[in-house]
Amino acid sequence: MALPSVWSVMRVAIPFISVVGLLSVRLVGASQDSGSVIPAESRPCVDCHAFEFMQRALQDLKKTAYNLDTR
């Protein structure tokens, strides 16, 4: 008996994984309590999070470059 080709398996697997992912996202979003939502005024903006992430990444790169230079 011949094994199914990679393309036929992928043709079935990709939509299945997509549907399961979408359903799990909807279930997770539905299970959150409305009382635990942080008001928008006290949450940092997306740009602030991105800026902090980039700062940490640059610090890590500087440390790595310094460690490579000292070797």
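Since we're looking at a predicted model, the values are computed, not measured.

Points about the overall build of the chain
Part 1 of the argument: Across its full length, the chain holds two helices and zero strands.
Part 2 of the argument: When the accessible surface of the chain is totalled, it reaches about 7,100 Å², and 67% of it is carbon and sulfur.

A few points about a nonpolar patch on the surface
Part 1 of the argument: Judged by side-chain polarity, V6, W7, M10 and I14 come together as a nonpolar surface patch covering roughly 470 Å² of accessible area.
Part 2 of the argument: Structurally, V6 is set in helix 1 (residues 6-31).
Part 3 of the argument: Residue V6 is classed as exposed on the basis of its relative accessible area, which comes to 61%.

Each value, and the rule that gives it
Residues numbered from 1 in each chain as written. Predicted model: local features only at pLDDT ≥ 70, side-chain atom pairs only at ≥ 80, totals over all residues. Heavy atoms only, no water. Helix = DSSP H or I, 4+ residues; strand = E, 2+ residues; numbered from the N terminus. Areas by Shrake-Rupley, 256 points an atom, 1.4 Å probe, with all protein chains shown as cover. Patch = residues over 30% accessible without salt bridge, like charges linked within 9 Å, V, L, I, M, F, W, Y side chains within 5 Å. Salt bridge = Lys/Arg side-chain N within 4 Å of Asp/Glu carboxyl O. Buried < 20%, exposed > 50% of the residue type's maximum accessible area, 1.4 Å probe, protein only.

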